[in-house]
Structure formats: C-alpha cells, structure tokens
Amino acid sequence: MTTAADLGVPEVFNAAAWFVDRHVEEGRAAAVAIECGDERVTYGDLHERVNRVASALIARGIRPGDRVVLLLLDSPVFACAFFGAIKAGAVPVPVNTLWKADDYRYVLEDSAARVLIVSAELWPEVERIPLDALPAVQHVFVAGRDGSSRATGFDALMAEGRPSCAATAVRHDAPAFWLYSSGSTGRPKGCVHLQHDMVVCAELYAKRVLGITADDRCFSVAKLFFAYGLGNALYFPLAVGATSILWPSSPSAAHVIDVAARHRPTLFFSVPTGYAMLLAHDGPVDFSSVRLAVSAGEALPPAVYERFRARFGIDILDGIGSTEALHIFIANGPGAIRPGSSGRLVPGYEARIVDDEDRPVLDGEVGNLWVAGDSTCASYWNQPEKTARTLDGAWLRTGDKYWRDEDGYYWYAGRTDDMLKVGGQWVSPVEVENAVVEHPDVLECAVVAREDADGLTKPAAHVVLRPGTPPTDALAADLQRFVRERIAAHKRPRWVTFHETLPKTATGKLQRFRLRSDA
C-alpha cells in the first residue's frame, strides 16, 4: 500500500495550500481553474477568494476542527467555501443537494456544525428547519442573494475577509472534511477524511490511471457533494493546474450535451445511467473533445460500453470506489479495458476477496471484497460500532461481492444483500442485468429476488425500454427467451416488469430494496 508519506506529503500539511496556494506560487495565477456558465475563475482569483473565506471564518471565531456544512450547488462558491474552511483549519461537510429539511437538520445536529453555507436556490428547504433549536449553529450564510434576519449574504462574508491568509498549520492526518455516505437503510454516516486523502487519490488514480495534466478540462455529471464528483470536478483538476467545468443545474442528457459542446471537456465523468441516457438521445452529440470517459457508482453493463464506444469512439473506464475510500481504487485503464469488469487494482491500493469467515477465496470464486489504501476514511463520526464493523486496521470491508480472474481483473457480483439463491445456487443480479441490457430494446434493468407461488426465490427483472419501444407481453416473453439463450436457465428472470424509470439514489446507484418492497 502506498502511503501519503511515500508520495512526499509532509507531517505538517494543509490540503488547501497544496490544491490552491501552490499554483500561484508556481506561476499559474492566470490559468483558468473553473468555468461555470459564463464565469471564468483563474487560479489567482480562486486563491484570493479562498483566503477571504478562511480569514473571515477565523475572524468570526471559527477554530480548527469546527464543522462547516455546505449545502451548495456546483459552482465556484463551493470551491471557495470548501477550501476556505480547510485553510482555516475547519472541517467542511458537503451534503446532498436533493435531500429535504429533516435530512439537513439531522446532519446539522449530528455534526454539531457551527456554520451553514447554503445556495439561495436551496434556501427554502433550510427555512423549514428551526435553526433556533440547533444551538451549535452560530453562523448561516446564503450564496446568491442578500442577507436577512436569519442569514448573512455569502458576498458579505467574502467582503469581511482579507485577500491574503496563511494556511492553518495542521498535521497531514488531521481531519480535513467529512462526507456523509448514503446507506440503503438508516441515517447516513459521516465519513471522516484526512488532509492527505485527496492527494492520495489524485496521485494514484488521476495521475497514474487517467494521466491527467494541466491541459485537461474535467466535466463531471456526478455532483461535488458526492465523493466521486468531488474528485472528478474539484481536486483532480486542482491537483495539476487543469480546468474544472461546473454545472449547477440538473444532469439531464440535454444539459450534459450542451455543456460538453460549449466547454469542450477532455475528461468526462458519469455513471451508467448517464451513459444510457446519452445513448437514448436521438439528436446530435458532440463529444469530439473528450479523450477518456470514466464510469463509477454502479457496474457498467458491457452492452452500454460497446454501444457508447461504437457511437462516439470513446473508451469508458469503469471502476469501483466508495465514499469511505474517497474515490476509485479498482479501475480499467487506457489500453487495458475488459468490458463488464471493474478493472484491476489502482497502483498503490491492495485488495483481498474473502469468504464469510474472512478466509481468502481462490480466483474465480465469489467472495467479500476488502480494500486497503491511504485515502480510506479514519472513522464514521460518532459511530464506533459501525466503524468497527467496516474498518479492520488498514482494511475496508466494502460490502460488495466480487471475484477476480487469473489476469487480475475484478468482476462485480452485487452487494452482499443483493445476491439471490435460486435452486440452491447463488445468482448475481448483475450477471442477469447485463444479459437483459444486451437486448436492443432495453435501456436499463434491475434484478431482484421474488418468491413464486411455492414460496421459492426466483429472479424478477425490472426493465426500462429504449424511447419509442412499447411494453408488451410479447416483448416480456422475448426478453426471457433472450436471456435464457445467454446464461444458465435457472438465472433467467421469471417475471419482467416495465418501468419508465428505476429508483436510484442521487448518486446514480440502483435502489433494489425499493423494487423488492414493491414486488
């Protein structure tokens, strides 16, 4: 395992100094750091804005370790608030912009945040929170409008700050930021990430796998509050002096296509659903500037990869990461793509596949995936029992079922609680889904367990058809025949249900438990 020390990170290290200040010191002040619509923010601009946020927070009594919740759309304000808080020694906590007031109240209480910074567009949801009942919250700032009796304008906070501010001296293994992981059940858990974690991901994945350089332009469909998007569109480009392309609105196919045509990204990041949406778009799509595409969040079906490659001539590098590990730790690489697999270990990470007694399994056998890397979170905030169940020394229990082939490629079999036992044999829902998606009329598929009239478990397929394809009983029967010709008969779906959309999290992951509850 490659450590932060191996990468040259010193004992005293503030991430904001490395991702922001360094570029001005090395002569890149005039280079464009962020493009967002018509706005262009240079590295010099970003440096000054981060300093203003940091110095203003310090002047208002924010101290190292204090939490700063960020309820912000993707914009330059996010970058300034995130790195400004880190520079002040505080701990930014980006949260999901699609949540509701009850979720935000939970995070504010759980984190004991002293500061809340929110986009004006999201303020109506915050207004539903009785902030007076949250004594820890001492400062509320709203970006994109003037202040009020309940909040100060973010521009006013910036005006309070100074254009220069020294980074607060902290250790490389001190908390830098939290990300709340979205579990399928229960409340989200705060993953405590350290000052060096972003450097590890940028050095091991962005540089060594993607080959990112200062000439790249990064556009991520996944938003900044998501661990995947935070790397794609913020600290990856800032690691090398490249340009981040931000889009604050919805990631619909039409919006993504417009942004790509206007801003000409070279690195494009999305999730399988996003690639399926682009393939379903009938109009012109100009991705000629893109040199590589990346997918994560869910396993990318081989059929989607092949269709995208055939239509656009662009390779999609599928991989697996997690909020706990911060970014991707197993990935396909340029010139080393095996469609349907998650790829091979990112250099610097370690992995093992074990059975339910934590004993290593042989190549080709499905087991539980554990990974080790120096970007893994230190703990779940205030959750010692969940921390102990998930983290074992340097090892992270991912909760994913995987098998590895003889060439070192890892193949996803599903989440631990998604596996089906049919006729006494384990069935991976992903294998069945990939077979269904190969059908030319299918856009997406999710497979879950369902009991037949005898109470026996069988696969049930929930299918989204390509636009213009009518759902019929004849098509359902054809899909069952189609799958039976490709995989073992006991794995074929016994039921096919058509949907307009499939339930997903804000980060694009299938919510199979909702389909199971509807069965």
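Okay, so let's go over this structure. Quick caveat, the model's predicted, so the values are computed rather than measured. (Residues numbered from 1 in each chain as written. Predicted model: local features only at pLDDT ≥ 70, side-chain atom pairs only at ≥ 80, totals over all residues. Heavy atoms only, no water.)

**So, the packing of aromatic side chains**
Both the distance between ring centres and the angle between the ring planes are used here to describe each pair of aromatic rings.
Moving on, step 1. Across all of its chains, the model carries 21 aromatic pairs by this definition.
Moving on, step 2. Plain terms: the ring middles of phenylalanine 226 and tyrosine 228 are 5.8 Å apart, the flat faces sit at 75° to each other, and that makes the pair edge-to-face. Both residues of the pair, phenylalanine 226 and tyrosine 228, belong to the buried class.
Moving on, step 3. Ring plane angle 10° and centroid distance 5.5 Å describe the contact between tryptophan 403 and tryptophan 411, whose orientation is recorded as stacked.
Moving on, step 4. One aromatic cluster is present, formed by Trp18, Phe19, Phe78, Phe82, Phe83, Phe177, Tyr205, Tyr235 and Phe236 through successive ring pairs.
Moving on, step 5. Sitting over the ring of tryptophan 395, arginine 352 keeps its end group 3.9 Å from the ring centre. (Phe/Tyr/Trp six-rings, centres within 6.5 Å; stacked < 30°, edge-to-face > 60°. Buried < 20%, exposed > 50% of the residue type's maximum accessible area, 1.4 Å probe, protein only. Lys NZ or Arg CZ within 6 Å of the ring centre and 35° of its normal.)

**Points about the environment of histidine 193**
Moving on, step 1. On the secondary structure map, histidine 193 appears in strand S9 (residues 189-194).
Moving on, step 2. Judged by its relative accessible area of 0%, histidine 193 falls in the buried class.
Moving on, step 3. Sequence separation between histidine 193 and alanine 325 is 132 residues, and the spatial gap between their C-alpha atoms is 9.0 Å. (Helix = DSSP H or I, 4+ residues; strand = E, 2+ residues; numbered from the N terminus.)

**Some words on the pairing of strand S1 (residues 32-36)**
Moving on, step 1. The buried fraction of S1 amounts to 4 of the 5 residues, a majority that puts the element mostly inside the structure.
Moving on, step 2. As judged from the 4 bridges shared by S1 and strand S2 (residues 39-42), these two strands associate in the antiparallel manner. Each bridged residue has a counterpart across the sheet, and for glutamate 35 the counterpart in S2 is arginine 40.
Moving on, step 3. Linking S1 back to S2 in an antiparallel pair, the connection comprises 2 residues, with glycine 37 at a positive phi of about 65°.
Moving on, step 4. Sheet analysis places S1 next to strand S11 (residues 243-245), joined by 2 bridges and oriented parallel. Residue pairing for S11: isoleucine 34 is matched across the bridge by serine 244. (Pairing = 2+ DSSP bridges.)

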